[in-house]
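Next come the chains, spelled out residue by residue.
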Amino acid sequence: GDTKGAEEGAVALPRTGQEISYGAGDDGFVKAGVAWPNPRFVDHNNGTVTDILTTLMWLKDAGTAGPPQCSPGFYKTWTDGLNHVACLNASSYLGYRDWRLPNRDELLSLVDRSQVFPALPTSRPFINIRPSFWSATTNVAEPARVWALSTEDGAGIDYVKSASAGVWPVRQGQPVTY
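Here's what I pulled together on the structure shown here. Keep in mind that what you see is a predicted model, and the values were worked out from it rather than measured.

## A closer look at the sheet that holds strand 7 (residues 170-172)
- The sheet built from four strands is open, its strands ordered 1-2-3-7 with antiparallel pairing. Edge positions in the open sheet fall to strand 1 (41-43) and strand 7, since each of these has one partner strand only. Taking each pair of neighbouring strands and ignoring which way they run, the sheet shows an average axis angle of 25°.

Next comes the structure, spelled out in C-alpha cells:
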C-alpha cells in the first residue's frame, strides 16, 4: 500500500526554537519538529501579521489595540478581554469580524524557547508586547482560573479571571506563500 510516513490527520509539531544544546539528546541537540519558515511572519502593513507556520493572523499591535469605543491600550480582566474582542468584531476592526482570544496552544505557538524578555522569535514584527496575555482556555480543574502566556519566559501561567493581562486577538488566516 501507499505509505505517507505519518498517520493521516497527524499534526506535525513545530520546533521549539532552542538551538543551543546543553546535553547530548536534548532539544537543542535533536531539534525535533517542523522547521520554522523563514521569514516566519508576514506584516501585511494594515495592522495585521500572519504567522506562516500556523496561518494564524494576529494584531501587529499586541498592546490591546482597537478603536476608541473598545477602550484600547489597557490591561483587562478576562471577562473585559472577551468583551474587548466582541467590540472589535462589532466594529469590524481592520475589516474583520472574527477576532477572538487565542486558545492556550495558539499563544504558546508564538514562543521561541531560545529567547527571554520576551520569549518570542527575534524576527517578530509585533509592537507593544505585554508581559502576559489572556487565552480563551479556562482551567477545567478550577473554572475561576484561565491559562495565560508569560511573554517574559514563554511559560503558560494560570491566572484568576479577575486579574489583569493583555488582550492579543487572533483570527484564522489563510496560508501565505511567496
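After that view of the structure, there is still more to cover.
## Some remarks on the nonpolar core
- Ranked by internal contacts, the top residues of the largest apolar core, which has 31 residues, are Trp58, Leu59, Trp99, Leu110, Phe126, Trp134 and Trp168.
- Mapped onto this core, the elements with two or more residues apiece are strand 3 (56-59), helix 2 (78-90), strand 4 (132-138) and strand 5 (145-150).

## A few points about the sheet that holds strand 4
- Read from one edge of the open sheet, three strands run 4-5-6, paired in antiparallel fashion. In the strand order of this sheet, the two ends are held by strand 4 and strand 6 (156-160), each with one partner. Neighbouring strand axes in the sheet, compared pairwise and without regard to direction, differ in orientation by 40° on average.
- Relative to strand 5, strand 4 runs antiparallel, the two being bridged by four bridges. In the sheet register, phenylalanine 133 faces strand 5, and the bridge partner there is leucine 149.

## What about unusual backbone geometry?
- Residues phenylalanine 117 and proline 118 are joined by a peptide bond in cis, for which omega reads 5°.
- Its place among the elements puts proline 118 in the loop between helix 3 (104-108) and strand 4.
- Even without being a glycine, serine 71 presents a positive backbone phi close to 50°.
- The class for serine 71 is partly exposed, based on a relative accessible area of 37%.
- The phi dihedral of serine 92 is positive, around 50°, even though this residue is not glycine.
- According to the relative accessible area criterion, serine 92 is partly exposed, its value standing at 29%.

## Things to note about the pattern of salt bridges
- Per the stated rule, a full pass over the model turns up five salt bridges.
- Note that arginine 171 is salt-bridged to aspartate 98, the shortest N-O span being 2.6 Å. Of the two residues, arginine 171 is situated in strand 7 and aspartate 98 in the loop between helix 2 and helix 3; the sequence distance between them amounts to 73 residues.
- A relative accessible area of 37% places aspartate 98 in the partly exposed class.
- The partner of arginine 145 in a salt bridge is aspartate 158, and the shortest N-O contact between them spans 3.1 Å. You can see arginine 145 sitting in strand 5 and its partner aspartate 158 sitting in strand 6, a full 13 residues away along the chain.
- Judged by relative accessible area, which is 22%, arginine 145 ranks as partly exposed.

The rules behind each value
Residues numbered from 1 in each chain as written. Predicted model: local features only at pLDDT ≥ 70, side-chain atom pairs only at ≥ 80, totals over all residues. Heavy atoms only, no water. Pairing = 2+ DSSP bridges. Helix = DSSP H or I, 4+ residues; strand = E, 2+ residues; numbered from the N terminus. Axes fitted to C-alpha atoms, helices over the stretch in contact; angles between N-to-C directions. Core = buried A, V, L, I, M, F, W, Y, C linked by side-chain atoms within 4.5 Å. Buried < 20%, exposed > 50% of the residue type's maximum accessible area, 1.4 Å probe, protein only. Salt bridge = Lys/Arg side-chain N within 4 Å of Asp/Glu carboxyl O.

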